[in-house]
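Here are the chains, one letter per residue:
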Amino acid sequence: MDPITLSFYAVVCGCLSVAAPRLGGFVPRLIVGAVVGLVAATLLPPFRSIFF
């Protein structure tokens, strides 16, 4: 994994971990995590082309 991808997902996961305790039980956290992962994977290519 290249440094840009690693950094991007580290920021996304870090932000999600801050909000996780407030999201409820296991199922809501799982759903939010999956949605955030899909959005992050979708946004990485445009961010990469804009900034790098």
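An account of the accompanying structure is given in this report.

**With respect to the overall build of the chain**
Here's step 1: Each helix and strand in the chain was counted, giving two helices and zero strands.
Here's step 2: Scaling as 2.2 N^0.38, a compact globule of 52 residues should have a C-alpha radius of gyration of about 10 Å, whereas the chain reaches 12 Å, well beyond that.
Here's step 3: Seen along its three principal axes, the alpha-carbon backbone of the chain occupies a region of about 40 × 15 × 15 Å.
Here's step 4: Residues classed as buried in the chain amount to 10% of the 52 residues present.

**Overview of the environment of Ile50**
Here's step 1: Structurally, Ile50 can be placed in helix H2 (residues 26–51).
Here's step 2: The class of Ile50 is exposed, set by a relative accessible area of 59%.
Here's step 3: Spatially, the C-alpha atom of Ile50 lies 26 Å from that of Ser17, the residues being 33 residues apart in sequence.

**Description of the packing of helix H1 (residues 3–19) against H2**
Here's step 1: Where H1 meets H2, the closest approach of the two axes is 10 Å, and the angle between their N-to-C directions is 145 degrees. H2 is crossed by H1, and the crossing has right-handed handedness. Residues Ile4, Thr5, Phe8, Tyr9, Val12 and Leu16 of H1 touch H2, and the partners they reach there are Val32, Gly33, Val36, Ala40, Ala41, Leu43, Leu44, Phe47 and Arg48.
Here's step 2: Each residue belonging to the contact of H1 with H2 can be placed in one class, and the counts come to 12 nonpolar, two polar and one charged.

**What to know about a nonpolar patch on the surface**
Here's step 1: A grouping of Phe26, Val27, Leu30, Ile31, Val35, Val39, Leu43, Phe47, Ile50, Phe51 and Phe52 is seen on the molecular surface, where their side chains present a nonpolar patch of about 1200 Å² in accessible area.
Here's step 2: Among the secondary structure elements, Phe47 is positioned in helix H2.

**Observations regarding H1**
Here's step 1: Helix length check: H1 (17 residues) gives 25 Å between terminal C-alpha atoms against 24 Å at 1.5 Å per residue, within 8%.
Here's step 2: The elements touched by buried residues of H1 are H2.

What counts as what
- Residues numbered from 1 in each chain as written.
- Predicted model: local features only at pLDDT ≥ 70, side-chain atom pairs only at ≥ 80, totals over all residues.
- Heavy atoms only, no water.
- Helix = DSSP H or I, 4+ residues; strand = E, 2+ residues; numbered from the N terminus.
- Rg over C-alpha atoms; globule rule 2.2 N^0.38 Å.
- Buried < 20%, exposed > 50% of the residue type's maximum accessible area, 1.4 Å probe, protein only.
- Axes fitted to C-alpha atoms, helices over the stretch in contact; angles between N-to-C directions.
- Left-handed = near helix turned anticlockwise from the far one by under 90°.
- Contact = heavy atoms within 4.5 Å.
- Nonpolar A, V, L, I, M, F, W, Y, C, P; charged D, E, K, R; others polar.
- Patch = residues over 30% accessible without salt bridge, like charges linked within 9 Å, V, L, I, M, F, W, Y side chains within 5 Å.
- Areas by Shrake-Rupley, 256 points an atom, 1.4 Å probe, with all protein chains shown as cover.
- Salt bridge = Lys/Arg side-chain N within 4 Å of Asp/Glu carboxyl O.
- Expected span 1.5 Å × (residues − 1).

By themselves, these observations are geometric and do not establish any function.
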